[in-house]
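Coordinates in review
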Amino acid sequence: MDDVQPPTPARRTVIRAGAAAAAALTVCPYAAGQATAATAAAPPGAAGLSAPAPTRSDALPLRSDRTTQGDILAGSRKDHACLLLLHFRDAARARTWLGRLVPEISTTEEMARFNAAFSAARLKAGGSDPAGLSAQWTGLSLTHAGLRLLAGREPFPALPAGSTAEAFAQGPAERAEELGDTGDSGPGSWLFGAEEPERAVHAVLSLSADDPAKLTAAVDRHKKALGPARGEIVFRQDAGKLPGVLKGHEHFGFSDGISQPGVRGFHAPDPADATTVQGKPGTRLVPPGEFLVGQEKVGRRPAGLPAWATGGSFQVVRRLAQDVPGWWAQARERLADLKKSGAAPPEATATWVAARLVGRWPGGTPIAGCPLAEQPSPLGTDPDADLKYAADPEGWHTPLFAHIRKGNPRDGLVTVPGRPPLAYADLDGRRIIRRGIPYGPAYDFDRPAGEQEAPRGLVFVGYQADLVQQFEFLTKRWINDVDFPPARNPRVGADPVLGPESPVTFETESATGSRATTLGFGRFVRTEGALYAFTPSLPTLRALAEGKLDRSVEVHRGSVLRAGDVLDAGSVSLTLKADGDLVLLAQGGSLLWSAGTEGAGNEAHFSADGELTVRTAAGANLWSSGTSGHPGARLLVRPAGDVVVLDGDRALWRAGGGHVG
């Protein structure tokens, strides 16, 4: 998305800026002839339609992972889906049910392999789905209550204030007000996620398939299996891609799921720019630990989570009802306002306005490069290849309030007026992976509204390693915040697609500056249910089936602790103090062990070969656990009262618990 450099209020003058903005961007990246050809079938090997060159599996290790659930990184990508929200009344029987389910769970390797074959076949067919390829996928996530039931104890050794563990334990119903779920979107009207404890959702069983008959059979089979497990369905959410020309679109009519983050170790890097995805130059590669616990995070930050979370991801599930005729009626009303003020050209339509609310035309083309009309990119190319906001600090081409710009400011986030925008890499830790799918029938504007009362909307599913710093930050600080981007006068307003009712500032260009037109937008997307769940690795699911859960806080290889970092295991915590000393403290704060690095320590590092060190600011080692040469070693802060480096079951080094070695 483009850069946001606020002008001074004094420079805002009244002009017919719709035409001025169009004149500034008269050339679309794709000619009309190309756009037409892109929708037709193309022969294999046609220019621009070749598949990316294959990459060795050892260069992309996450693609062959058989321990992580596939929907996190690979994505199920099925036309038909069903989410069964489950409650169990007997822990022992629930564990038996889980043990029988685990072999059915779809892995990253399975989904990635199928998706690659499907994409290649679709490319050869000129964009048509290949008839001979079909799959049915199964995934399982557990809520805080579900983890506690299966483990027979609290899953976290501690719930530090402000942590993702605390957010997960509380759940979205308890945090609804700060997330903007108030009024008609409040928990009091939710269909799920705000149940009494005796009906609390324990598990989210996700089933998806290309063939609706196979999905129906799978749902029926799993429903029967709940009887012996003393399980019940709290809520059933059926969903599926919209038919015909709306396939791949959400109910407002816009192509969905275009801008997903690339994941290092899963997506191949572009040979010309290793920071972006091969074949998708507009997509940055983000460290995998932002989505999968245990992998490298931005800045090599420690996850601070229990060992059971390694290999898994926090899942957000939201049912978002969409008032389609209301949203489009509002777009028509705002079009009249913009034309009256001279901020829209005479030929502008309601779609012209709606595209500026979203930041894209319905087919997915960003308005930044095609301001006048939709010009779809050729099949096999990246619609966001040239999407940047640094050259559009005022939001003349992509409004600052546009949905795609609010949710991903790209290279265009100016936090202090007059300063350069933040580096694109500074926002990598805010990305989430979205797996949304519509529910309900498409709205038909040719039929009377009274005949179309069926519920419709989007089942939002998002994955991230940190609920607070990713989903909740995006929701509270970007999407819902009327003062984001900050320090504008007048304020930008909330996201008019997902955010609360809010005035927004529509800025247009003039010869002497910028003219701001204030528009009012109501809320036409309503929250009807929400859950926080966790999608565990298969080893964790197997352990839970036996009633086991390792609550030790794990410090993953490559992680770096800096001054003030605290890894809280309840009875003890490992922290790097402000004076540079790495210490193990008891719950009351008494010292159990010290590395003796006060006054000189700068950071603590757990290396890929199993060594814990404290380093100076210049990178010199001050202290070492002496455990190098063990690439499979793990560093754990254990609720039992110690910190230990383990190689398998053998302790290589331990401090606390009455022992230092």
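Residues numbered from 1 in each chain as written. Predicted model: local features only at pLDDT ≥ 70, side-chain atom pairs only at ≥ 80, totals over all residues. Heavy atoms only, no water.

All right, on to unusual backbone geometry then. With an omega dihedral of -10 degrees, the bond running from Phe 484 to Pro 485 counts as a cis peptide bond. Looking at the secondary structure, you find Pro 485 in the loop between helix 12 (468-479) and strand 13 (502-509). Positioned with a positive phi, Arg 230 is a non-glycine residue whose angle comes to about 55 degrees. For Arg 230, a relative accessible area of 40% corresponds to the partly exposed category. Unlike most non-glycine residues, Arg 410 shows phi in positive territory, near 50 degrees. (Helix = DSSP H or I, 4+ residues; strand = E, 2+ residues; numbered from the N terminus. Buried < 20%, exposed > 50% of the residue type's maximum accessible area, 1.4 Å probe, protein only.)

With that settled, the discussion passes to the packing of aromatic side chains. Scanning all chains against the criterion turns up 23 aromatic pairs. Note on Phe 473 and Trp 478: the rings are 5.6 Å apart at their centroids and 75 degrees apart in plane angle, and the pair reads as edge-to-face. In terms of burial, Phe 473 and Trp 478 fall into one category: buried. A network of ring pairs unites the aromatic residues Phe 156, Phe 168, Trp 308, Phe 314 and Phe 534 as a single cluster. Over the face of the ring belonging to Phe 266 we find Arg 63, whose NZ or CZ atom lies 4.4 Å from the ring centre. The ring of Phe 473 carries the charged tip of Arg 430 above its face, separated from the ring centre by 3.6 Å. (Phe/Tyr/Trp six-rings, centres within 6.5 Å; stacked < 30°, edge-to-face > 60°. Lys NZ or Arg CZ within 6 Å of the ring centre and 35° of its normal.)

Looking now at helix 6 (residues 144-151). Each turn of an α-helix holds 3.6 residues, which means side chains three or four residues apart point in the same direction. For helix 6, the tally of buried residues reaches 6 of 8 residues, placing the bulk of the element in the interior. Residues His 144, Ala 145, Gly 146, Leu 147, Leu 150 and Ala 151 constitute the buried set of helix 6. For helix 6, the secondary structure elements touched by its buried residues are helix 4 (91-101), strand 2 (136-142), helix 7 (164-174) and helix 13 (538-545). Two residues or fewer after helix 6 comes Gly 152, characterised by a positive phi angle close to 75 degrees. (Contact = heavy atoms within 4.5 Å.)

Moving on to the pairing of strand 19 (residues 572-576). In terms of residue burial, strand 19 counts as a mostly covered element, since 5 of its 5 residues are buried. Pairing of strand 18 (residues 566-568) with strand 19 involves 3 bridges; the strand directions are antiparallel. Looking at the pairing, Asp 568 lines up with Ser 573 of strand 19. In terms of strand pairing, strand 19 meets strand 20 (residues 582-586) through 5 bridges, oriented antiparallel. Note on strand 20: the bridge partner recorded for Leu 576 is Leu 582. (Pairing = 2+ DSSP bridges.)

Attention shifts here to the confidence of the model for the protein. Counting all residues, the mean pLDDT for the protein is 90, and 91% of those residues have values of 70 or more. Low pLDDT, under 50, characterises residues 1-27; the predicted model gives this stretch 105 contacts beyond four residues in sequence or across chains. Between residues 29-54, whose pLDDT stays under 50, and residues either more than four places distant or in other chains, the model counts 34 contacts. (pLDDT = per-residue confidence, 0-100.)

This part covers the layout of surface pockets. Its boundaries defined by the atoms lining it, the second largest pocket holds a volume of some 700 Å³. Lining the second largest pocket are 27 residues, and of these Ala 307, Thr 310, Gly 311, Glu 554 and Arg 634 sit closest to its centre. For the lining of the second largest pocket, the elements supplying multiple residues, two or more each, are helix 13 and strand 16 (553-555). Among the elements that take part in the lining of the second largest pocket, helix 13 stands out by supplying 3 residues, more than any other. (1 Å grid on protein atoms, 1.4 Å probe; cavity = no way out; pocket = protein on both sides within 12 Å on 5 of 7 lines; lining within 4 Å. Points joined across faces, edges and corners; volume = space filled by probe spheres on them.)

So, on to the pattern of salt bridges. Under the definition given, this model contains 35 salt bridges. Between Glu 109 and Arg 113 there is a salt bridge whose closest N-O contact spans 2.8 Å. Highlighted residues: Glu 109 and Arg 113, both in helix 5 (residues 108-124), separated by 4 residues, approximately one helical turn. Given the relative accessible area of 13%, Glu 109 is considered buried. You can call Arg 113 exposed: its relative accessible area is 52%. A salt bridge links Arg 199 to Glu 232, with the nearest nitrogen and oxygen atoms 2.4 Å apart. In this pair, Arg 199 is assigned in the loop between helix 7 and strand 3 (203-209) and Glu 232 in strand 4 (residues 231-240), connecting sequence segments 33 residues apart. For Glu 232, a relative accessible area of 21% puts it in the partly exposed group. (Salt bridge = Lys/Arg side-chain N within 4 Å of Asp/Glu carboxyl O.)

This next bit is on the sheet that holds strand 17 (residues 560-562). Read across the open sheet, the 4 strands follow the order 17-22-23-24; overall the sheet is antiparallel. Two strands bound the open sheet, and with one partner strand each, they are strand 17 and strand 24 (621-624). Across this sheet, the average inter-strand angle for adjacent strands is 20 degrees, counted without regard to direction. With 4 bridges joining them, strand 22 (residues 603-606) and strand 23 (residues 612-615) adopt antiparallel strand pairing. Bridge pairing in strand 23 links Glu 603 to Arg 615. (Axes fitted to C-alpha atoms, helices over the stretch in contact; angles between N-to-C directions.)

A word on the sheet that holds strand 20. Here we have 4 strands laid out as an open sheet, ordered 18-19-20-21, and antiparallel in their pairing. The strands lining the two open edges of the sheet, one partner per strand, are strand 18 and strand 21 (591-594). Sheet twist, expressed as the average angle between the axes of neighbouring strands with direction ignored, equals 15 degrees.

Here the focus is the environment of Leu 149. When you line up the elements, Leu 149 lands in helix 6. It is 51 Å that separates the C-alpha atoms of Leu 149 and Trp 352, two residues lying 203 residues apart in sequence. With residues near it in sequence (within four places) discarded, Leu 149 still touches Phe 88, Ala 91, Ala 94, Arg 95 and His 202.

Turning next to the nonpolar core. Counting residues in each nonpolar core, the largest one holds 89 residues, and the members touching the most others are Trp 97, Leu 98, Leu 140, Trp 327 and Trp 328. Residue contributions to this core peak at 7 residues, all from helix 10 (residues 350-358). The residues contacting Leu 98, other than those within four sequence positions of it, are Leu 140, Leu 150, Leu 541, Leu 544 and Ala 545. If you look at the next biggest cluster of nonpolar residues, it comprises 34 residues, including Leu 73, Val 317, Ile 433 and Tyr 439. (Core = buried A, V, L, I, M, F, W, Y, C linked by side-chain atoms within 4.5 Å.)

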